[in-house]
Amino acid sequence: MAEEPPRDLFEGAAARGDGPPQVSLGAPGRWLAHGAAAMILFMMLVTSVDVAGRYFLNRPLPGAFEFTEIMMGLVIFAGMPLATARREHIAVNFLEKALGYRARCLQAAFGDLVCGVVAAFMAWRVLLRGNTLVASGEVTLVLGVGRGYIAWAMAALLAVSVVVFFYSAWIALRAARAGATPR
Amino acid sequence: MSPWETALFAFAALTILMVIGVPIAFAMMLIGVGGIMLQLGLTPAFAMLGQIPVSNTMSYELSVVPMFVLMGVFVARAGISADLYAVCNAFLGHRRGGLAMATVVACGGFAAVCGSAIATSATMSKVAYPSMRAYGYHPGLASASICAGGTLGILIPPSVIMVLYGIMTSTNVGKLFLAGILPGLLAIVLYALTIQFLVWRDPAVGPRAERSSWAERSRLLTRVGPVVALFILIIGGLYLGAFTATEAAGVGACGAFLFALWRRALSWRAVLDCAVETARISATLFAILIGALLFSALMNFGGLPRALQGAVTSFGVEPLVVITAICLLYVVLGTFFEELSMILMTVPIFFPLVVGLGYDPIWFGVVIVMVVELGLISPPVGMNLFVVQSVLSIPVGTLYRWIAPFVIADVLRLAIIVLFPAIALIVPRLSG
């Protein structure tokens, strides 16, 4: 292949190398990434098999619809801590050029803290939503998966994001204290 | 508080948070929930915070987002951009300015399967720029044609912005995609004419390359054949009503996966990377969607859409004036703000107004996407300008000067689509 594929579809400040430090999530991060990847690929397969089955064999895949719904809920919130650790959440950066490295790290830390608090509230409310759903015993039609349990999983994954946000803030604060650009 | 005050305070607070660097998605969540709390109290605010993230991710229809993102990631990984460019060159390169035109057409082709303006310009910068420079093209013309061509990524289907617009407004995503086709082709034609004009003014900026033989052309065509087939499968399926947009996305992702395998561009590691990247991009997109839904809930509770509609009706403003004003507002805002979130937080306010005036929701979606495209290449902060400039490291001044004619072409196209909505609407109306 002659050409280099783009590193990322949305290259943020982090990709330019002079932004606030990204966070490494180590082995747990890899497990999460592998889980998210598996779900994405499964969704792709299930949709394709479902469509092919419907048009060629006149037999759609039973439960494909629900499977996709469940995977969607999980994969979005599994991707959240991964995107957070790489500082990929879209932000307006027009102050960036005017700020020095230190100020940028402080700015990033502040953003992380705000996001962390918002995500924490959301995790809490999603957890309560899960409680309601579990109590009402609502299950999906074909696969019979309790919707409340999915919401619980989402809340747990959001909680992971909260941890990652606060950890990122800590790392950014440390970088601000250390001062000079890493390069 | 009156609707206007609520909106003013909310947007002011949001702007402050965004400027000090809080990620847009979470800034919108904070203002949305905080505002609802002040307006209606704690209970409804917290109830929405628990409900919206659950019900708007666990959705079959919304799987269209990660699947089209995955398709784009696979196609980008498969390394087709060089081949696409070679094909376009073989057909256009011998003309004056032909390589720049080939760039625009190749961008359109890449965009057709990729769906991201940034990825299209970043990829094409690496592929097309060296070749144009080798033939003596002016760096300004070369880079500007990449910037402009790159914006086609969000107009030519599939397009993430269109999907999110469709979700926010309950507009049929498949029809939105079909509506993007003719305006996309119009864009390519207008960009080509712009290049024609630039080389007519000064032939030295875009000299001719050698003519390719038909044998060479057909050899190159077969290399990109599968991608063209994939695009035709998706769009054809949507047109004939054989697929929903969601199914098309799943099939498209699978097709792109097989294509990348066929090109031997995928190791297991690479497949994993593509999928993880897709999960991350999807997470950021859904964070923005959740934020925008909470923010627009605040606007709705505050009553801004109704107040705006009332004001326009009572003053008897011409519909065309309203549309022009909205476009101008977007262009001005778009020079400062990130486009996707700008659209998502304002669409709930303007959509009822525009549809109330009798405009087609599908047409408005196309118009909005074109305004975003314009924002992507408008100095000083067009995102595509940043991307191309950082990949190619050319002087900003040169790029600004050479992008101007393309910006004019975009404004012209916007005017054409506003005055002749049929160009956008004919394909979706004819479809099954």
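Please read all numbers here as calculations on a predicted model, not as lab measurements. (Residues numbered from 1 in each chain as written. Chains lettered and ligands numbered in written order. Predicted model: local features only at pLDDT ≥ 70, side-chain atom pairs only at ≥ 80, totals over all residues. Heavy atoms only, no water.)

Enquirer: Before we go on, may I ask you to explain the overall build of chain B in this structure?
Expert: A tally of regular secondary structure across chain B gives 20 helices and 0 strands. The C-alpha radius of gyration computed for chain B amounts to 22 Å, which stays within 12% of the reference 22 Å derived for 432 residues, consistent with globular compactness. C-alpha atoms of chain B, sized along the principal axes, occupy 70 × 50 × 45 Å. Scored against the burial criterion, the 432 residues of chain B give a buried share of 64%. Sequence-distant contacts, at least 24 apart, represent 80% of the contacts inside chain B between residues at least 6 apart. Taken together, the 20 basic and 15 acidic charged side chains of chain B have centroids lying 11 Å from each other. (Helix = DSSP H or I, 4+ residues; strand = E, 2+ residues; numbered from the N terminus. Rg over C-alpha atoms; globule rule 2.2 N^0.38 Å. Buried < 20%, exposed > 50% of the residue type's maximum accessible area, 1.4 Å probe, protein only. Contact = heavy atoms within 4.5 Å. Lys, Arg positive; Asp, Glu negative; His and termini not counted. Charge placed at Lys NZ, Arg CZ, Asp CG, Glu CD.)

Enquirer: Please explain the pattern of salt bridges as it appears in this structure.
Expert: Side chains that differ in sign of charge can pair as their charged atoms come close. Applying the stated rule across the entire model yields 14 salt bridges over all chains. Close ionic contact of A:Asp112 with A:Arg87 constitutes a salt bridge, the shortest N to O distance being 2.9 Å. Placement of A:Asp112 in helix α4 (residues 101–136) and of A:Arg87 in the loop between α3 (64–85) and α4 is noted, with a sequence separation of 25 residues between them. A relative accessible area of 16% means that A:Arg87 is categorised as buried. Residues B:Arg280 and A:Glu88 are paired through a salt bridge, measuring 2.7 Å at the closest nitrogen-oxygen approach. Highlighted residues: B:Arg280 in helix α13 (residues 268–302) and A:Glu88 in the loop between α3 and α4, drawn from two different chains. By relative accessible area, B:Arg280 is classed as buried at 7%. (Salt bridge = Lys/Arg side-chain N within 4 Å of Asp/Glu carboxyl O.)

Enquirer: Looking at this structure, how should I read the interface of chain A and chain B?
Expert: Interfaces are frequently sized by the accessible area removed from exposure as the parts join. Each partner contributes residues to the interface: chain A has 63 residues there, and chain B has 72 residues. Across the chain A to chain B interface the summed buried area is about 6200 Å²; carbon plus sulfur atoms make up 77%. Counting across the chain A and chain B interface gives 2 salt bridges. The salt bridge partner of B:Glu247 is A:Arg54, with a shortest N-O separation of 2.5 Å. Along the contact surface separating chain A from chain B lie 7 residue pairs in polar contact (both at pLDDT 80 or more). (Buried area = accessible area lost by both parts, 1.4 Å probe. Polar contact = N/O pair within 3.5 Å; in protein donor to acceptor, adjacent residues only side chain to side chain.)

Enquirer: Before we go on, may I ask you to explain unusual backbone geometry in this structure?
Expert: Keep in mind that most residues, glycine aside, have a negative phi and that most peptide bonds are trans. Positioned with a positive phi, A:Arg87 is a non-glycine residue whose angle comes to about 55°. If you check the backbone angles, B:Ser170 has positive phi at about 50° while not being a glycine. Looking at B:Ser170, the relative accessible area reads 71%, which means it is exposed.

Enquirer: What should I look at first to understand the packing of helix α1 (residues 3–19) of chain B against helix α14 (residues 304–315) of chain B in this one?
Expert: How two helices sit against one another is set out by the angle between their axes and by the gap between those axes. All names here are of chain B. Between α1 and α14, the shortest axis-to-axis distance is 9 Å and the interhelical angle comes to 120°. One way to sum up the angle between α1 and α14 is to call them oblique. Between α1 and α14 the crossing geometry is left-handed. Contacts between α1 and α14 involve Pro 3, Trp 4 and Ala 7 from the former and Leu 304, Ala 307, Leu 308 and Ala 311 from the latter. (Axes fitted to C-alpha atoms, helices over the stretch in contact; angles between N-to-C directions. Parallel < 35°, antiparallel > 145°, perpendicular 65-115°, else oblique. Left-handed = near helix turned anticlockwise from the far one by under 90°.)

Coordinates in, geometry out; function isn't part of it.
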